[in-house]
Amino acid sequence: MLAGEYARSAYKSGLKLEDKLGTNPYKFGLVGSSDAHTGLAALEEENFFGKTTPQEPSPERISAVFMNNKKTGITIHDWEVGSSGYAAVWAEENTRESIWDAMERKETYATTGTRMIVRFFGGWEFDDADANTRNPADTGYMKGVPMGGDIQSAPEGTAPTFLVAALRDPIGANLDRIQIIKGWLDQKGNLKEKVYDVVWSDDRKPNSEGKIPAVGSTVDIENATWTNTIGATELIKVWKDPDFNPKERAFYYARVIEIPTPRWTAYDQKRFGVTAPEGTRLTIQERAYTSAIWYTP
């Protein structure tokens, strides 16, 4: 896509600016939003009311054009517009003050519309046994910092460890996998990034390249439905960075991915008895992204 278009690009740029200026202007938390201009919070795939009033449900919208810029030659069709998302905040109380404090400390995460629950903690002392708990927050706050936090001054000979846990949306899809995304500034001044599969559902094994096979799909496009016969209801894992260099600035955030489910375009096909244009995406893997945890030498 476009350079600088994604939060990950800004996270990486922040590391370089911090190394140069002594401060990181891109140390922000993540939340999800809808970007809708209708005043409606109808963001579920089966109840998507569009981003603008011309995109409200109709037999025509699946084949309509959202934007056609003749100067740039860029055309965006309605089916390319996504239904999303939600902002999740880990506040101590359901009060304005507590929610504000949680947002200020960046203890937040974004979802594409799913209501899954995600926990993410980082520190130096987590071990495998910490994943054998029904309340990961107790161990997380005791041994480390939550999403949005900072870890510093690596003890000699150690690497950061992370406790990550996810529970599926109660009326949503099962979970495919949890990944941790790392970005860092190497000692030559180059920005790097890597995606690690940390824990996954079902009995899948990494292939010869270390990649986890796709989870599969139970989506019934014709009837716009799916079954939770694959995937997991919850996933939890303690992960240790295998590529850690204590001299390199880095950030880490978790990404939790659901199994495939019908996209709003599939629901429109079913509801209105229409056929989507060729190339239309009819399924989606909903996901959540946590705010980062930063490491500073």
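Source: prediction; values computed, not measured.

Procedures and definitions
- Residues numbered from 1 in each chain as written.
- Predicted model: local features only at pLDDT ≥ 70, side-chain atom pairs only at ≥ 80, totals over all residues.
- Heavy atoms only, no water.
- Buried < 20%, exposed > 50% of the residue type's maximum accessible area, 1.4 Å probe, protein only.
- Helix = DSSP H or I, 4+ residues; strand = E, 2+ residues; numbered from the N terminus.
- Contact = heavy atoms within 4.5 Å.
- Pairing = 2+ DSSP bridges.
- Axes fitted to C-alpha atoms, helices over the stretch in contact; angles between N-to-C directions.
- Polar contact = N/O pair within 3.5 Å; in protein donor to acceptor, adjacent residues only side chain to side chain.

Asker: Quick one: what's the story with helix H4 (residues 264-272), residue by residue and with numbers?
Answerer: Turning to H4, its buried residues number three or more, namely Trp264, Thr265, Ala266, Tyr267, Asp268 and Gln269. Buried residues in H4 make contact with strand E13 (261-262). Gly273 sits one or two residues past H4 and shows a positive phi near 65°.

Asker: Could you give an account of the sheet that holds strand E11 (residues 234-240), naming the residues involved and the relevant values?
Answerer: Sheet architecture is open: four strands sit in the order E6-E5-E8-E11, paired in antiparallel fashion. This sheet does not close on itself; its edge strands, each paired only once, are strand E6 (144-146) and E11. For this sheet, the mean angle separating the axes of adjacent strands, direction not counted, is 15°. Relative to E6, strand E5 (residues 117-123) runs antiparallel, the two being bridged by three bridges. Note that in E6 the partner of Phe121 across the bridge is Pro146. In the packing of helix H3 (residues 136-143) onto the sheet, the strands contacted are E5, E6, strand E8 (161-167) and E11, and the crossing angle to E5 comes to about 25°.

Asker: Go over the environment of Arg105 with me, naming the residues and quoting the values.
Answerer: Relative to the assigned elements, Arg105 resides in the loop between helix H2 (96-104) and strand E4 (108-111). Classification of Arg105 by relative accessible area gives partly exposed; the value is 32%. Residues Arg105 and His77, 28 residues apart in the sequence, show an inter-C-alpha distance of 38 Å. Arg105 has contacts with Trp90, Ala91, Glu92, Met147 and Gly148, leaving out every residue within four places of it along the chain. Separated by 2.7 Å, the side chains of Arg105 and Glu107 make a polar contact.

Asker: Summarise the environment of Lys143; cite the residues concerned and give the values.
Answerer: Tracing the chain through its elements places Lys143 in helix H3. Expressed as a C-alpha distance, the spacing of Lys143 and Arg61, which sit 82 residues apart in the sequence, is 51 Å. Contact partners of Lys143, with chain neighbours within four places excluded, come to Gly123, Glu125, Phe126, Asp127 and Asp130. Among the polar contacts made by the side chain of Lys143, one reaches the side chain of Asp130 at a distance of 2.9 Å.

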